[in-house]
Amino acid sequence: MAKTALVVGASGIVGSATAALLVAEGWTVHGLARGAVRQDGVTQVRADLLDAAGTRAALADVSPDAVFISTWLRQDSEAENIRVNAAMVRNLLAALPKADAPRHVALVTGLKHYLGPFEAYGKGSLPQTPFREEQERLDVENFYYAQEDELFAAAARDGFSWSVHRPHTVIGKAVGNAMNMGTTLAAYASLCRELGRPFVFPGSAAQWEGLTDMTDAGQLARHLLWAVETPAAHDEAFNVVNGDVFRWQWMWERIAEWFGVDAAPFDGVVRPLEEQMADDQEVWRSIAERHGLVEADLTRLASPWHTDADLGRPIEVVTDMSKSRRLGFTAYQPTDDAFFALFAQLRADRLIP
């Protein structure tokens, strides 16, 4: 019999990739989001997770074997991030109908578990890299911790198994997403090519010179499904990355070559994309009209603030995957290929010229 999944945040980078994999694997898939979900094989469930009663009503007839939580709402402070995002997880799990069979809930968080929340990102006393799952939580309030605690409490109450997945920066397609480095860099490179501007690395020397890794959305989707189907992975937290490491001084040249632009020499000065792209909205609108693009609003494609946060970090960030490998997860995704596949998809979908 086909299993049933509920993908929460189905219109986002992680949710849409997870839903696509589950459909391909023969699952019955329900996609929950506040807005429209337009994806083959996915039944839309519209709900605002901050509305507990509305969420309960929306899920009254959905009894999933597996739940994948890949959504959050950015707020102006970490206190508000905690209040809002913890409530969303709490309301969702309280709204699920009682399961007649074993149920698994997978929660996607990220490396801010180790690096700290936006207000204290990459500051203070941080754990040694590569980050490992057994490292203790930082002594700072963090909405990822609050989400985990809601998951643990609901699992203890309702008896389902769980897993927590901590990707590094995710590469994948979504429009209107709050954290989207791949599409941000694609839009930036396209602007540079169209205007003859130099392709300038926006980040720190530590990121330019140091080792790092990333997580393709398809790799993360495979990891989520693996955890559901692997009993040894139940009730565990995992890092999940592509499996390769690189330096941005190498990757920046690779991305420049794909777009046919010249990568400017890095001089050690941080030049944030938020500043570089501050006046590009009308330029992008003109480019979109000239090339017949389907999205003329640059803010729905690019999230410079998030890319700046990642590429401006003052420390090397590398993630250990040994825990998953020991339990049998062996999937691998070269990060440059992940970028190139995304860029090709964005071009085919007429989101970039």
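The structure under discussion appears in the preceding block.
Now for a look at the structure at hand. (Residues numbered from 1 in each chain as written. Predicted model: local features only at pLDDT ≥ 70, side-chain atom pairs only at ≥ 80, totals over all residues. Heavy atoms only, no water.)

### A word on helix α14 (residues 335-348)
With 14 residues, α14 should cover 20 Å at 1.5 Å per step; its first-to-last C-alpha distance of 20 Å lies within 8% of that length. The elements touched by buried residues of α14 are β7 (170-171), α6 (181-195), β9 (215-216), β11 (246-247) and α9 (248-259). Directly after α14, the chain includes Arg350, whose backbone phi takes a positive value near 60 degrees. (Helix = DSSP H or I, 4+ residues; strand = E, 2+ residues; numbered from the N terminus. Expected span 1.5 Å × (residues − 1). Contact = heavy atoms within 4.5 Å.)

### A look at the packing of α6 against helix α11 (residues 281-291)
α11 packs onto α6 with a crossing angle of 80 degrees between their chain directions and a minimal axis gap of 11 Å. As the angle between them shows, α6 and α11 are arranged roughly perpendicular. Contacts from Ala187, Ser190, Leu191, Glu194 and Leu195 in α6 reach Val283, Trp284, Ile287, Arg290 and His291 in α11. Taken together, the residues that form the contact of α6 with α11 break down as 6 nonpolar, 2 polar and 2 charged. (Axes fitted to C-alpha atoms, helices over the stretch in contact; angles between N-to-C directions. Parallel < 35°, antiparallel > 145°, perpendicular 65-115°, else oblique. Nonpolar A, V, L, I, M, F, W, Y, C, P; charged D, E, K, R; others polar.)

### A word on the environment of Asp320
Locating Asp320 in the fold gives a position in the loop between α12 (304-311) and α13 (322-326). Between the C-alpha atoms of Asp320 and Glu282, which are 38 residues apart in sequence, the distance is 42 Å. With sequence-adjacent residues up to four places away left out, Asp320 is seen in contact with Pro130, Phe131, Arg132, Glu133 and Asn239. Polar contacts involving the side chain of Asp320 include one to the side chain of Ser322, which spans 3.1 Å. (Polar contact = N/O pair within 3.5 Å; in protein donor to acceptor, adjacent residues only side chain to side chain.)

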